[in-house]
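Summary of structural features
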Amino acid sequence: IGEKLADVIRYTYDKGHEIGLHAWDHHNWQVNIEKMDSSEIFSSLDLGVNLINDLIGINPTCSAVPSWKTNDIIIKEKNKFSFKYNSDCRGKTIFFPIINGKKVKQPQIPVTLPTYDEVIGYDGVTNDNYNDYLLSLIKPDQLNVLAIHAEVEGIVCNNIFEEFLNKAKNLGISFVSLNHLLNESRNHIT
């Protein structure tokens with residue numbers, strides 16, 4: 001995808017957006033990560049970092065593993081790269097993971113809101129009320145992080161996502177990068 005959509009990635013970067021690593025091989029990560037050793041994990045991360053560097057001239061500033069499948073080995077391997085932060089988990093606050101009693105250098109910015117595929121069709125949530133449901137979960141006094149998928153919000157549900165953005169803006173909700181959230185809360189991270 002990175003090679004086929006190199007122009008889109010460059011354009012996005014040129015417009016001032018953060019570029020992060022999601023996966024070198026999304027499917028392989030989801031299916032095999034539990035069986036991968038540290039060298040295989042490092043290699044997978046390194047391939048992705050190098051491709052992004054080749055495309056935009058700098059290393060990605062962050063990463064987020066597919067399906068929130070992470071463990072101590074992955075976090076240790078990620079700390080060998082220059083990521084400012086990772087977003088590999090669910091949670092409520094930004095934090096530094098602790099492995100074997102030691103705080104790692106890269107904080108985690110957890111996803112706090114459900115993704116489209118996690119709620120659509122459950123508990124009465126439909127395409128017609130999805131945006132209102134999602135907006136009802138956003139609270140001004142807490143961390144609100146939404147993971148979106150290019151193939152869902154960017155293609156199949158583009159009109160729903162565009163409506164979400166408009167409704168959110170009309171409610172006074174602003175959108176910032178995760179790096180902005182990190183910088184804003186740097187003194188309050190646990």
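Attention in this report is confined to the structure presented alongside it. (Residues numbered from 1 in each chain as written. Predicted model: local features only at pLDDT ≥ 70, side-chain atom pairs only at ≥ 80, totals over all residues. Heavy atoms only, no water.)

1. A short note on empty space enclosed by the protein
We count it as follows: Of the grid points, spaced at 1 Å and generated over the protein atoms alone, those admitting a 1.4 Å probe that cannot get out make up cavities, while open sets with protein on both sides within 12 Å along at least five of seven lines make up pockets; any residue with an atom within 4 Å of a point is treated as lining. Grid points are joined across faces, edges and corners, and a volume is the space filled by probe spheres set on the points. Note on conventions: DSSP H or I runs of at least 4 residues are helices, E runs of at least 2 residues are strands, and numbering of each starts at the N terminus.
One pass over the full model with this rule turns up one cavity of 30 Å³ or more. Empty space within the largest cavity amounts to approximately 50 Å³. Contributing elements (two or more residues each) for the lining of the largest cavity: helix H6 (130-137), helix H7 (152-156) and helix H8 (158-170). The element contributing the most residues to the lining of the largest cavity is H8, with three residues.

2. Some words on the sheet that holds strand E2 (residues 62-63)
For clarity, the cut-off: Being paired, for any two strands, means DSSP has found at least two bridges between them.
The sheet built from three strands is open, its strands ordered E1-E2-E3 with parallel pairing. The open sheet is flanked by strand E1 (20-21) and strand E3 (85-86), the only strands paired with a single partner. With two bridges joining them, E2 and E3 adopt parallel strand pairing. Following the sheet pairing, Ser-63 is matched in E3 by Asn-86.

3. Quick notes on the pattern of salt bridges
The cut-off we apply is this: For this analysis, a salt bridge means a side-chain nitrogen from Lys or Arg found within 4 Å of a carboxyl oxygen belonging to Asp or Glu. With a 1.4 Å probe rolled over the protein chains alone, any residue whose accessible area is under 20% of its type maximum counts as buried; one over 50% counts as exposed, and the rest are partly exposed.
Overall, the coordinates contain seven salt bridges when judged by the stated rule. Across the pair Lys-80 and Glu-77 runs a salt bridge whose closest N-O atoms are separated by 3.0 Å. The exposure class of Lys-80 is exposed, given its relative accessible area of 55%. For the salt bridge of Asp-88 with Lys-78, the shortest nitrogen-to-oxygen distance reads 2.7 Å. A residue pair is termed long-range when its members are at least 10 positions apart, and Asp-88 in the loop between E3 and strand E4 (98-99) and Lys-78 in helix H4 (residues 72-78) qualify at 10 residues. We classify Asp-88 as buried; its relative accessible area is 0%. Linked by salt bridges that have partners in common, Asp-132, Glu-163 and Lys-167 make up one network.

4. Considerations on the packing of H6 against H8
Our working definition: A fitted line through C-alpha atoms represents every axis, and for helices the fit uses only the stretch in contact; the resulting angles, taken between N-to-C directions, go from 0 to 180 degrees. Orientation labels follow simple angle bins: below 35 degrees gives roughly parallel, above 145 gives roughly antiparallel, 65 to 115 gives roughly perpendicular, and whatever is left gives oblique. We call a crossing left-handed when the near helix sits turned anticlockwise from the far one by less than a right angle, and right-handed when that turn is clockwise. Should any heavy atoms of two residues lie within 4.5 Å, those residues are considered in contact. In this count, Pro and Cys sit with the nonpolar residues alongside Ala, Val, Leu, Ile, Met, Phe, Trp and Tyr, while Asp, Glu, Lys and Arg are called charged and the others, Gly among them, polar.
Close contact between H6 and H8 brings their axes to 10 Å; oriented N to C, the two are set at 45 degrees. In terms of axis orientation, H6 runs oblique to H8. Taken as a pair, H6 and H8 cross one another with a handedness that is right-handed. Contacts between H6 and H8 involve Tyr-130, Asn-131, Asp-132, Leu-134 and Leu-135 on the former and, on the latter, Ile-160, Glu-163, Phe-164, Lys-167 and Ala-168. Grouping the constituent residues of the contact of H6 with H8 by class yields six nonpolar, one polar and three charged.

5. A look at H8
We count it as follows: By this rule the span expected of a helix is its residue count minus one, scaled by 1.5 Å. By arc we mean the arc of the directions from the helix axis to the C-beta atoms, nothing more.
Taking 1.5 Å as the rise per residue, H8 with 13 residues should run 18 Å; its terminal C-alpha atoms sit 18 Å apart, in good agreement. Turning to H8, its buried residues are Ile-160, Phe-161, Phe-164 and Ala-168. Viewed along the axis of H8, the buried residues span an arc of 95 degrees, placing them on a single side of the element. In this structure, H8 carries Asn-159, Lys-169 and Asn-170 as exposed residues pointing more than 90 degrees from its buried face. On its buried side, H8 packs onto H6 and H7. Positive phi shows up at Gly-172, right after H8, with a value of about 85 degrees.

6. Thoughts on the packing of aromatic side chains
Geometrically, a pair of aromatic rings is defined through the distance of the ring centres and the angle of the planes. The criterion, for reference: Stacked, tilted and edge-to-face are the three classes assigned to paired rings of Phe, Tyr and Trp, where Trp is represented by its six-membered ring and a pair needs centres within 6.5 Å; plane angles under 30 degrees give stacked, over 60 edge-to-face, the rest tilted. Geometrically, a charge over a ring is one whose NZ (Lys) or CZ (Arg) sits within 6 Å of the ring centre while staying within 35 degrees of the ring normal.
Applying the stated rule across the entire model yields five aromatic pairs. Relative to Tyr-130, the ring of Tyr-116 lies with its centre 5.2 Å away and its plane at 75 degrees, an arrangement referred to as edge-to-face. You can see Tyr-116 sitting in helix H5 (residues 116-119) and its partner Tyr-130 sitting in helix H6, a full 14 residues away along the chain. For the pair Tyr-116 and Tyr-130, a shared accessibility class is recorded, and that class is buried. An aromatic cluster is present here, built from Phe-42, Phe-81 and Phe-83 joined pairwise through their rings. Over the face of the ring belonging to Trp-68 we find Arg-90, whose NZ or CZ atom lies 3.9 Å from the ring centre.

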